[in-house]
Every structure is written in C-alpha cells, then in structure tokens.
Amino acid sequence: DIVMQLDECVSLPCEDKVAEKAMHLSLRWAERCKKAFGDPAGRALFGIVQGGAVPSLRVTSARELAAMDLKGYAIGGLAVGEPQDVMLAMIETVEPHLPSEKPRYLMGVGTPDDIVEAVRRGVDMFDCVMPTRAGRHGQIFTRFGRMNLKNAKHAEDVRPIDPQSSCPAANTYSRAYLHHLVKAEEMLGKMLLTWVNLAYYQELMAGLRAAIAAGRLEDFIAETKEGWARGEPA
C-alpha cells in the first residue's frame, strides 16, 4: 500500500508567503508521518513536494523530503488552476532533487498531453479523475484526440470509436448508439465511455513504458502527438 503524508495544497496563483507557509507545514507533517508510520512491511510512505509556483520553495521541499529517505516522492500542488507551462516548469525544477531510483508521482494529473509531457520530464506515476469525469459527460480520449459524443454528427455514425482499440466499448459499439445513450442520459453510456477512457489511458501508459525500454521515448511522443493533431482518417 502507498501511504501519502498529510500536506497542505494551495491553489494557484497564490502569494509566495502563502505557498511558503504551506510548504513548511507540509514538511513538518512529513516528519511526523514518518515517525508515526515508521517503515512497516507492505507500506510505502510517500512525501509530497509543495511550494506553489516558487522554484526556490520547490527545491527546498524536494531536498528536505529526499533527506528523509522515504519510499517515494509525489509532486503536489500542481494542476490546480495554473497554465501547463507553469506546471511543467515546476516539474523540471523539482526532478533533479528527487532520488532517481525512487518513484516520482505527479498528483492530480491529468490530460493525455499532461501525462506525456510529465513522463518526458521524469515522472513515473499519476492519478486523476479526468478519464472518468470526462466519460460521464460524453467526452472521450482516443489516439485521434478528444471526441465529444454529445455532438449531433455522431447520431447516425455506425462506426465504432476505434476498431484498433483493445477495449470492447471502443471497438464494438457504434458511435450512434453511444451518442443515443449519452443524449438519453442512460447510465450505461457513462459506464461505456468511462471504460473507453480508462482503456486509452492504460494503452498510452503501456506505450510510454515500452518506448522508454526501447530507448525511443521522443519518437513515441512525436507519433502520439501527430495522431492527436491529425485526427481521424476520412
């Protein structure tokens, strides 16, 4: 089991003094959590790097957490309203100060593009409501990019979402049927589109892992982004 320390996550943008106070409070909590949980078998205590969008605070937080020799390290307090470039800049700031042999976990992220860019910068793990929340509202993620099944253009489209997907919800049901379920607010529609999204996220992560192992991460990212930009074949 992964056990997360207590922390204080501030919304961005915020004043530097607010981010600093939350960062120091989070560090004190990390120390107390380590004392409370120790290092029991079967549990991995992760620290959480805070510091808002202030590079010096992020570096201090990362260094002090690394000195605690925890099982893993999370980067928290991002994807809370700031632009993507700010999030990526904070990841780049923090990454050199986290142990390379331990997992790095970016909390609350994100879109497929956020994930790809974070992996490019050394992140290993993610969690986010994005695929399930989007699925419940008729939005899906595919190798062709994002699609909205609420749109009327899908009403009579007998094609599946993606015949090459390994997910039955994506390669079997017609877009017209899924569109009908979404418009009728049938619970089955929310379930099937959530399945489509979770399957795509799993396929994306599997592709990233395989590309890293093969030494072709940049090629994989370029191919993936090209597919999103190009969209579906006519």
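Check the entry above for the structure.
Let us look at the structure shown here. (Residues numbered from 1 in each chain as written. Predicted model: local features only at pLDDT ≥ 70, side-chain atom pairs only at ≥ 80, totals over all residues. Heavy atoms only, no water.)

**A short note on the overall build of the protein chain**
Under the convention used in this document: Numbering of helices and strands runs from the N terminus, with a helix taken as a DSSP run of H or I at least four residues long and a strand as a DSSP run of E at least two residues long. Partly exposed describes any residue whose relative accessible area lies between the buried limit of under 20% and the exposed limit of over 50%, with all areas from a 1.4 Å probe on protein chains only and scaled to the type maximum. The contact criterion used throughout is that any non-hydrogen atoms of two residues lie within 4.5 Å. Accessible areas in this description were obtained via Shrake-Rupley with a 1.4 Å probe; residue shielding takes into account the shown protein chains only.
When its secondary structure is counted, the protein chain shows nine helices and seven strands. Projecting the C-alpha coordinates of the protein chain onto the three principal axes gives extents of approximately 60 × 40 × 40 Å. Here the protein chain, with 234 residues, has 47% of them falling under the buried criterion. Considering only contacts within the protein chain whose residues lie at least 6 apart along the sequence, 62% involve residues at least 24 apart. Surface exposure of the protein chain reaches about 12,000 Å², of which carbon and sulfur atoms provide 54%.

**Some words on a nonpolar patch on the surface**
Counted only if it meets this: Here the term patch refers to residues with relative accessible area over 30% and no salt bridge, with like charges joined within 9 Å and nonpolar side chains (Val, Leu, Ile, Met, Phe, Trp, Tyr) within 5 Å. When a carboxyl oxygen of Asp or Glu lies within 4 Å of a side-chain nitrogen of Lys or Arg, that pair is called a salt bridge.
A cluster of nonpolar side chains, contributed by Tyr173, Tyr177, Met187, Leu188 and Met191, occupies part of the molecular surface with about 460 Å² of accessible area. Looking at the nonpolar patch, the element that brings in the most residues is helix α8 (residues 187-214), giving three residues. Structurally, Tyr177 is set in helix α7 (residues 175-183).

**A few points about the environment of Val94**
Among the secondary structure elements, Val94 is positioned in helix α3 (residues 84-94). Here the alpha-carbon distance between Val94 and Val59, two residues 35 residues apart in the chain, equals 5.8 Å. Beyond its immediate sequence surroundings of up to four residues, Val94 is in contact with Val49, Arg58, Ala62 and Ile75.

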